[in-house]
Amino acid sequence: MEEDAGERSSFVVGFIENRAKEVGVAAFDLRSASLHLSQYIETSSSYQNTKTLLQFYEPMVIIVSPNKLAEDGMVGVSQLADRVCPSTKKVIMARGCFDDTRGAVLVKGLAAKELSALGLDSYYKQYYLCLAAAAATIKWIEAEKGVIITNHSLMVTFNGSFDHMNIDSTSVQNLEIIEPMHSSLLGSNNKKRSLFHMLKTTRTIGGTRLLRANLLQPLKDIETINTRLDCLDELMSNEQLFFGLSQALRKFPKETDRVLCHFCFKPKRVTNDVLASDNGRRSQIMISSIILLKTALDALPLLSKVLKEAKSCLLGNVYKTVCENEKYTSIRKRIGEVIDDDVLHTRVPFVARTQQCFAVKAGADGLLDMARRSFCDTSEAIHSLANKYRQDFKLPNLKIPFNNRQGFYFSISQKDIQGKLPGKFIQVVKHGNNIHCSSLELASLNVRNKSAAKECWLRTALCLEALMDAIREDVSVLTVLSEVLCLLDMMVNSFAHTISTKPVDRYTRARFTCDGPLAIDSGRHPILESIHNDFIPNGIFLSEASNVAIVMGPNMSGKSTYLQQVCLIVILAQIGCYIPARFATLKVVDRIFTRMGTMDSLESNSSTFMTEMTEMAFIMQNVSHRSLIVMDELGRATSSSDGFAIAWSCCEHLLALKAYSIFATHMESLSALSTMYPNVKILHFDVDVKNNRMDFKFQLKDGSRHVPHYGLMLAGVAGLPSSVVETAKRITSRITEKEMKRMEVNCRQYEDVQLTYRVAQRLMCLKYSDQDEDSLREALQNLKESYVGGKALDK
């Protein structure tokens, strides 16, 4: 359908909302013939959920209903589309086109799976908005493209966006998941990459798109994650399987996932009259699709041979679903009855054109045979003309390349041209060290050759129409094949390849729990460790008894990198990939929230502080007990007293939740929270101070450490006058002295509570440990003795 989409978007997305601010979304992927339905309630006036979906799909067309201005300050999805995607084509369809009853009938008829598997048969009345959006979207596609979608050909997913981890668009940018915030690192020739760029070693466009989708919406289902990890375990322990799969996947054309569309969409009328008036492009695409499908089916036996001995559940299911399915053999047999066995998919332009002209076996159509003879004659005449010019103009190295846009043309090296180029050559263009040109004779032959090729395509298309209809009867198995190849491409060529290029044991498998701790031992930043060979690893431990960590340290000590590192490790683990750490046990995260960076938002006329507060409001309104929140500074964009008060208040609010939160700050006074709330953990990045210079260790340690006047040291290095720095030192010493006295009072007051909570935290750790019964008894006895001893010392 989308023959030249490449990696650009191929999504058509329909939106509709009601007065309760429920939004229904239908996203139709023209490339892979899949339909994704979502329905949700917008909880913020900024339409953050809808923004996230727009970023995820990057639509080429957005379909909305006629818009009415919202009375409550909500912008509405129509205005949002104008703001977020100003360059995207927007189509306004009548409200009557958004018919949920019609949508339910269409989805039922077009879905490759039963509606019970989608959950729509029971809840279609509840999720009527996304079905209404589906009706409008499908109506527009069929009208715009002039096609009818084949029954039971669409891969439909329902509520897919919220069956996965949700990462809002601001966090996607802050964490550099898809695009890096800065293209290069200061003082380094290495280009900084995003997580997507680091993993983007997939061979197919479909595999690349699947990888991007997984990074933006990681999995939440532990069983699915572990199934992928089991597959990865087998690939990393069985070199023969890994390299065998790599070679087998190379046999499949890169565009295999796209071929499905041409069997899912059928022109509304296919007659001789219609084909006669066709420009040949549609016929050419259809023939190319058949050839590509034949090449893919020819590669299946090798894939079957490699997967036969696979033991993991994922690869075993692939073998049973694809390799043992007789329908693929049946389709290949039907193709073999019509298509010449020597025809193969190729990307070389003239070879591809020749293959398309000679796809059907000889003798099937007399007019086709005549058109082929004309095509061969003109092609031969063009090469004879090139030989004549080589002799007449003494140009022995004259070449006759071909491209789809201009056909054949001459390419002459500049060093072979003595003086002026003969006047017979026209359309002369300099191209590097060569001259590209044509002649009147070549132009005439090109027209005749193209006309003959077009006639071949039209006659071939008529011969193939019955074959296309036969293949469409089993189109659902092609949908499965496309999905399987994209998944294998991501697992083998991205995940396994990335891990195999790292030193042994640098990446490890994470363990998952539903409500256990977030424990990472010696974690590393997956992007930066490839740039800095001496990257210092750091861990994290958060649990129900200690769910908030406050990270302190001077500027440039590594706080921001650490926050980003934790989030990227969690994302990698939940897409089913190994992680850069020695060991990790993770609680499945449903949402990641970030508040990082400081900048004004000129578009919304918001200052840095207003932007901070808007982001924090969104977090507070949408956080759940399974969320992960990371905040890099808060409140520093306003007055010091107000900023500290807001930071303290936000921390107290997060303390009352079960969500895991990591808070990086320069406000040393916030460490007083740990004296009042036992579920607060204070961490700091180690720094040595020598001769008024800081030696950054980038090592995270427990507890707080006061590094006196580190901001003033950096100010001095920056060139601030020494008298100014000295005055600032005297002022800050007085403030610090008062703070230290207050913290000592708090420590004495809450000491008993702290001791009890430390015991509770140890008990939580033992709850999720794998130790045997004797070891647990010994650990509990030691814990009891330490607790009683601690109480005795207090008295």
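All of the points below concern the structure found in this document. By convention here, each chain's residues receive numbers from 1 onward along its written sequence. Reporting in this predicted model follows two pLDDT cut-offs: at least 70 for local features of residues, and 80 or more for side-chain atom pairs to be given and counted; totals over whole chains, interfaces and linings ignore these cut-offs and use all residues. With hydrogens and water stripped out, all remaining heavy atoms of the structure feed into the side-chain values.

**Section: helix 10 (residues 222–237)**
Note the threshold: Strands here mean DSSP runs of E at least two residues long; helices mean DSSP runs of H or I at least four residues long; both are numbered from the N terminus. One fewer than the residue count of a helix, multiplied by 1.5 Å, yields its expected span. Here the term buried applies to any residue with accessible area under 20% of the maximum for its type, exposed to any over 50%, and partly exposed to those in between, with areas from a 1.4 Å probe on protein chains only. Contacts: residue pairs with any heavy atoms within 4.5 Å of one another.
With 16 residues, helix 10 should reach 22 Å at 1.5 Å per residue; the first-to-last C-alpha distance of 22 Å fits that figure. Taken as a whole, helix 10 has its buried residues at Ile222, Ile225, Arg228, Leu229, Cys231, Leu232, Glu234 and Leu235. In the core, the buried residues of helix 10 are packed alongside helix 9 (205–216), helix 11 (239–250), helix 16 (313–323), helix 21 (475–500), strand 15 (511–513) and helix 22 (559–574).

**Comments concerning the nonpolar core**
Keep this limit in mind: Note on terminology: a nonpolar core comprises buried Ala, Val, Leu, Ile, Met, Phe, Trp, Tyr and Cys residues joined through side-chain atoms within 4.5 Å.
Counting residues in each nonpolar core, the largest one holds 176 residues, and the members touching the most others are Phe15, Leu35 and Leu37. Membership of the second largest hydrophobic core comes to 25 residues, among which are Ile550, Ala659, Phe663 and Leu670.

**Thoughts on the packing of aromatic side chains**
Worth spelling out the cut-off: What counts as a ring pair is set by centres within 6.5 Å for rings of Phe, Tyr and Trp (its six-membered ring), and what kind of pair is set by the plane angle: stacked under 30 degrees, edge-to-face over 60, tilted for all other angles. A positively charged side chain is recorded as over a ring if its NZ (Lys) or CZ (Arg) lies within 6 Å of the ring centre. The angle to the ring normal must also be within 35 degrees.
Applying the stated criterion across every chain yields a total of 17 aromatic pairs. Seen in terms of ring centroids, Tyr389 and Phe425 are 5.6 Å apart; in terms of plane orientation they differ by 75°. Their pairing is edge-to-face. Note that Tyr389 is positioned in helix 19 (residues 366–392) and Phe425 in strand 13 (residues 425–431), a separation of 36 residues in sequence. Summarising the burial analysis for this pair, Tyr389 and Phe425 share the class buried. In this structure, Lys587 is placed above the aromatic ring of Tyr660, and the distance from its NZ or CZ to the ring centre is 4.0 Å.

**Some thoughts on the sheet that holds strand 16 (residues 518–523)**
The condition is simple: Two strands form a pair only when DSSP identifies at least two bridges running between them. Here, axes are lines fitted to C-alpha atoms. For helices the fit covers the stretch in contact, and angles between N-to-C directions go from 0 to 180 degrees.
Strand order in the open sheet made by the four strands is 15-19-16-17, with mixed pairing throughout. Whereas interior strands pair on both sides, the edge strands pair on one side only; in this sheet they are strand 15 and strand 17 (538–542). Each neighbouring strand pair of the sheet contributes to a mean axis angle of 20°, computed without reference to strand direction. Note that strand 16 and strand 17 share four bridges and pair antiparallel. Looking at the pairing, Ala519 lines up with Phe541 of strand 17.

**Considering the sheet that holds strand 14 (residues 434–439)**
An order of 12-14-13 is seen for the three strands of this open sheet, with the pairing classed as antiparallel. Because the sheet does not close on itself, it has two edges, and the strands there are strand 12 (410–413) and strand 13. Neighbouring strand axes in the sheet, compared pairwise and without regard to direction, differ in orientation by 30° on average. Where helix 19 meets the sheet, it contacts strand 12, strand 13 and strand 14, and its direction lies at approximately 25° from that of strand 12. Of the strands in this sheet, strand 12, strand 13 and strand 14 are in contact with helix 20 (residues 440–472), which crosses strand 14 at around 70°.

**With respect to unusual backbone geometry**
In this model, Glu58 sits at a positive phi of 45°, which is unusual for a non-glycine residue. If you trace the backbone, Glu58 turns up in the loop between helix 1 (48–57) and strand 4 (61–64). Note on Glu58: relative accessible area 43%, which makes it partly exposed. Within the chain, His152 stands out as a residue other than glycine whose phi angle is a positive 55°. Along the chain, His152 turns up in the loop between strand 6 (147–149) and strand 7 (155–158).

**A word on the packing of helix 11 against helix 15 (residues 281–307)**
Two packed helices can be described by the angle between their axes and the distance between those axes. Which entries qualify depends on this criterion: Angles are sorted into four bins: roughly parallel if under 35 degrees, roughly antiparallel if over 145, roughly perpendicular if 65 to 115, and oblique for all others. Amino acids outside the nonpolar list (Ala, Val, Leu, Ile, Met, Phe, Trp, Tyr, Cys, Pro) and the charged list (Asp, Glu, Lys, Arg) are all regarded as polar, and Gly is one of them.
In the contact formed by helix 11 and helix 15, the axes pass within 9 Å of each other and the chain directions differ by 170°. With respect to helix 15, the element helix 11 is oriented roughly antiparallel. Where helix 11 abuts helix 15, its residues Leu241, Gly244, Leu245 and Ala248 lie against Leu302, Leu303, Val306 and Leu307. Among the residues forming the contact of helix 11 with helix 15, the class breakdown is seven nonpolar, one polar and no charged.

**Comments concerning the pattern of salt bridges**
Where we set the bar: By salt bridge we mean one thing: a side-chain nitrogen of Lys or Arg within 4 Å of a carboxyl oxygen of Asp or Glu.
Throughout the structure, instances matching the rule amount to 22 salt bridges. Taking the shortest distance from any N to any O, the salt bridge between Arg459 and Asp365 comes out at 3.1 Å. With Arg459 in helix 20 and Asp365 in the loop between helix 18 (349–357) and helix 19, this pair connects stretches of sequence that are 94 residues apart. For the salt bridge of Arg595 with Glu615, the shortest nitrogen-to-oxygen distance reads 3.3 Å. Of the two residues, Arg595 is situated in strand 20 (residues 591–595) and Glu615 in helix 23 (residues 608–622); the sequence distance between them amounts to 20 residues. On the basis of relative accessible area, Glu615 is assigned to the buried category, the value being 17%. In this structure, a network of salt bridges that share partners links the residues Asp230, Asp233 and Arg509.

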